[in-house]
There are 2 protein chains.
Amino acid sequence: MKRFIFLAVLFCALHLTVSAQEALWWKTPTTSPEIHDDRRVTFRLVAPQAKHVEVVGDFLPEGRADMRKTQPNLWEYTTPVPLHSELYSYAFVMDGVRITDPSNVYVTRDVVTMSNIFIVNGPRSHYYQERDVPHGTVSRIWYPCDQLQKMRRATIYTPAGYGASNNTMRYPVLYLLHGMGGDEEAWITLGRVAQIMDNLIAEGKAKPMIVVMPNGNMDQVAAPGYGPDGNVVPTIELPRTCDGTYEQSFPNLVRFIDRNYRTLPRKNSRAIAGLSMGGFHTMMISKEYPDLFDYVGLFSASVKKDVGEVGSPVYDRFHEKLRAQFAKRPALYWIAIGKDDFLYPANVEFCELLDRNRHRHEFIETEGGHIWKNWRFYLKEFAQKIFK
Amino acid sequence: MKRFIFLAVLFCALHLTVSAQEALWWKTPTTSPEIHDDRRVTFRLVAPQAKHVEVVGDFLPEGRADMRKTQPNLWEYTTPVPLHSELYSYAFVMDGVRITDPSNVYVTRDVVTMSNIFIVNGPRSHYYQERDVPHGTVSRIWYPCDQLQKMRRATIYTPAGYGASNNTMRYPVLYLLHGMGGDEEAWITLGRVAQIMDNLIAEGKAKPMIVVMPNGNMDQVAAPGYGPDGNVVPTIELPRTCDGTYEQSFPNLVRFIDRNYRTLPRKNSRAIAGLSMGGFHTMMISKEYPDLFDYVGLFSASVKKDVGEVGSPVYDRFHEKLRAQFAKRPALYWIAIGKDDFLYPANVEFCELLDRNRHRHEFIETEGGHIWKNWRFYLKEFAQKIFK
């Protein structure tokens, strides 16, 4: 064994010092975040020359807090109170520059914002963790998009056992749509889809299902870094997301999935849900093709109903199409919104419209705003209500 | 359209200012890196309060260079000479703290080191780019490991068309192993496996094949962030990588793949290759199970041949087993190493040993050291030589 320890040390040393070798850190600079037994959390940054360091994160009441120099080279911040069970994201701001925590390799991207994540154990985060349960498979596939005449990338979750050689079972499908600026990576990384579905299915709380996460921005064929324009760093202005073409491309995607996966290819085994702009797409697609989806989920949705001026036939005759959709009695039309969400009033208004027209739906109001915390929670709730 | 632009602006504003909404950047702070037409590259960091900023990267002769304040808030560095076609990685060091470039969302992780990447177009990087060719599927699967009595995570590349409903073709399989400290994410992210294979297959230079990238560290079931120990930030000491158990677990993995994928389940349709420690594993596994693999690739391999003191039967009787392997005449035994690699002398020595024993092999010497640049190139070369 000694020889191997020697070898490992040699590897480390060489990796760090010799320029001809890959320059690597084998250990993080310090321990950060440290989650204490009482659920307070300490963040640390080794930055001897910094003048001011703060931590920004979705667990801080003000969204930010100053870090304090506790040793000549070390900045620290400990939350004054225990944190509730949740998956949190954060970053540091060092002398005005937002940086990720060099001691935490769990990094996620949201549009062009990189953040670190950590999980505080407990009931709320139970479903967001990789637990010792059967795991599904997560695939990045390319499928032909007739509208763009191009191949596009999508993320697919297939439940545990799907790929087993002797499995001939067919599965229902949930189509899950991201928000403006997101892409086919958003739900699987920030939304913890694989963990949520693995855990719900293992506990018998959700039916085993396939989850399809396409890219809803028709200006992209794939998430940044995965498309042919590999050199171009995206500066997202207004993505081509609400011109009707994405909605029109959807039946082809459904056909592709039904052809290439062992699906139950019928309305009562298909669900569609989306967050924010994806909720808008969900609303538009489900009413445009009222025979495709029996389960509809609007998560903090942008529920603008009169967008005819965009000039797509998809946005014409909204109320008429909505009536046609509800005349076919969808098994579930589920609307969830946080009380602090800037889209809250619009969602309340939309529900009133549905009420006036006796369109049967469920309305869920939660704390919080237009945030991933809510979208993970909504998915967890919605997934338990479908295909039953 | 106006209404949508308004909506988008509203989204941005709200995302940035209201703490109840997801705090996002919708545009990068500046343009970085900028790859000029003459293949010089400019890096930029907006950091008004920084005292010293440098760029570190594998394209810099010294491994680092000072950035210069060109505007009150902007630091810049432009390479003095055009860069050769390649995929490069870099980071900034701001007042002693290594950070990724906030303007570049292409981030990769190597052990615990986060870096940005960029591609300079040309012949060398041709195969590393997402091109407009048919794309394979990349899946993260979990398979049962008998040795650990646990499920373990692996990355699988299946070539374009593999999943098409009418496809009954069977494919050869390349098993591709990472280095010490790496995991099942290393080859697919840093090694650009999907891009290299997609491009080689599209050009008819490689046979369509399945590529299996398992995790070679028996202390982990999955890469950091994907295992059940979600809260634990890895501080990698000596991974449990060279105690013989990984090698012993390999036939079970091969059996699992042959059972669950449409493989050609025979020696002449199986290849194994690995980098650094993965090269060591490749050497050990291929000689331990001489009927499994007809094609063997050692990329910058750690070719220690007398490691009996570790106490695993896998490392016993090395020469005898090697003789047995070569008596069965493997179709290809391919060794590649950079002249500046710290493992260069050991590889030359190993080749001399093979020569002395008339064990037929190929030996490729390249420029450079123990670096991903070489491993991507070795994969590209090796993939063209197998299953033919």
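Residues numbered from 1 in each chain as written. Chains lettered and ligands numbered in written order. Predicted model: local features only at pLDDT ≥ 70, side-chain atom pairs only at ≥ 80, totals over all residues. Heavy atoms only, no water.

*Asks:* Would you mind showing me how to read the environment of His135 of chain A here?
*Replies:* Locating His135 of chain A in the fold gives a position in the loop between strand S10 (113-120) and strand S11 (137-145). Relative accessible area serves as the criterion here: at 9%, His135 of chain A is assigned to the buried category. The spacing of His135 of chain A and Arg170 of chain A is 35 residues in sequence and 18 Å in space, taken between C-alpha atoms. Discounting chain neighbours no more than four positions away, the residues touching His135 of chain A are Glu130, Ala160 and Asp198 of chain A together with Trp142 of chain B. A polar atom in the side chain of His135 of chain A sits 2.8 Å from the side chain of Asp198 of chain A. (Helix = DSSP H or I, 4+ residues; strand = E, 2+ residues; numbered from the N terminus. Buried < 20%, exposed > 50% of the residue type's maximum accessible area, 1.4 Å probe, protein only. Contact = heavy atoms within 4.5 Å. Polar contact = N/O pair within 3.5 Å; in protein donor to acceptor, adjacent residues only side chain to side chain.)

*Asks:* Mind showing me how you'd approach the pairing of strand S14 (residues 210-213) of chain A here?
*Replies:* A regular strand carries its side chains on alternate faces of the sheet. Residue and element names in this part refer to chain A. By the alternation rule, side chains of S14 split into Ile210 and Val212 and Val211 and Met213, which are all buried. Both strand S12 (residues 150-158) and S14 contribute to a ladder of three bridges, which runs antiparallel. Bridging across to S14, Ile156 finds its partner in Val212. (Pairing = 2+ DSSP bridges.)

*Asks:* Quick question: what am I supposed to make of helix H3 (residues 193-202) of chain B here?
*Replies:* For an α-helix, the turn length of 3.6 residues means that residues three or four places apart are oriented alike. All names here are of chain B. Within H3, nine of the 10 residues are buried, leaving the element largely enclosed by the surrounding structure. Turning to H3, its buried residues number three or more, namely Val193, Ala194, Gln195, Ile196, Met197, Asp198, Asn199, Leu200 and Ile201. Lining the buried residues of H3 we find strand S11 (137-145), strand S12 (150-158), strand S13 (173-177), helix H2 (186-189), strand S14 (210-213) and helix H8 (372-383). One or two steps after H3, the chain reaches Gly204, where phi turns positive at roughly 70 degrees.

*Asks:* Whenever I open this one, the sheet that holds strand S1 (residues 34-35) of chain B confuses me. Can you help?
*Replies:* Residues and elements named next belong to chain B. In spatial order, the strands read S1-S2-S6-S5; together these four strands make up an open sheet with antiparallel pairing. On the outer flanks of this sheet lie S1 and strand S5 (68-71), each paired with one strand and no other. Alignment of S1 against strand S2 (residues 41-46), held across two bridges, turns out to be antiparallel. Its bridge partner being in S2, Glu34 is matched across the sheet by Thr42.

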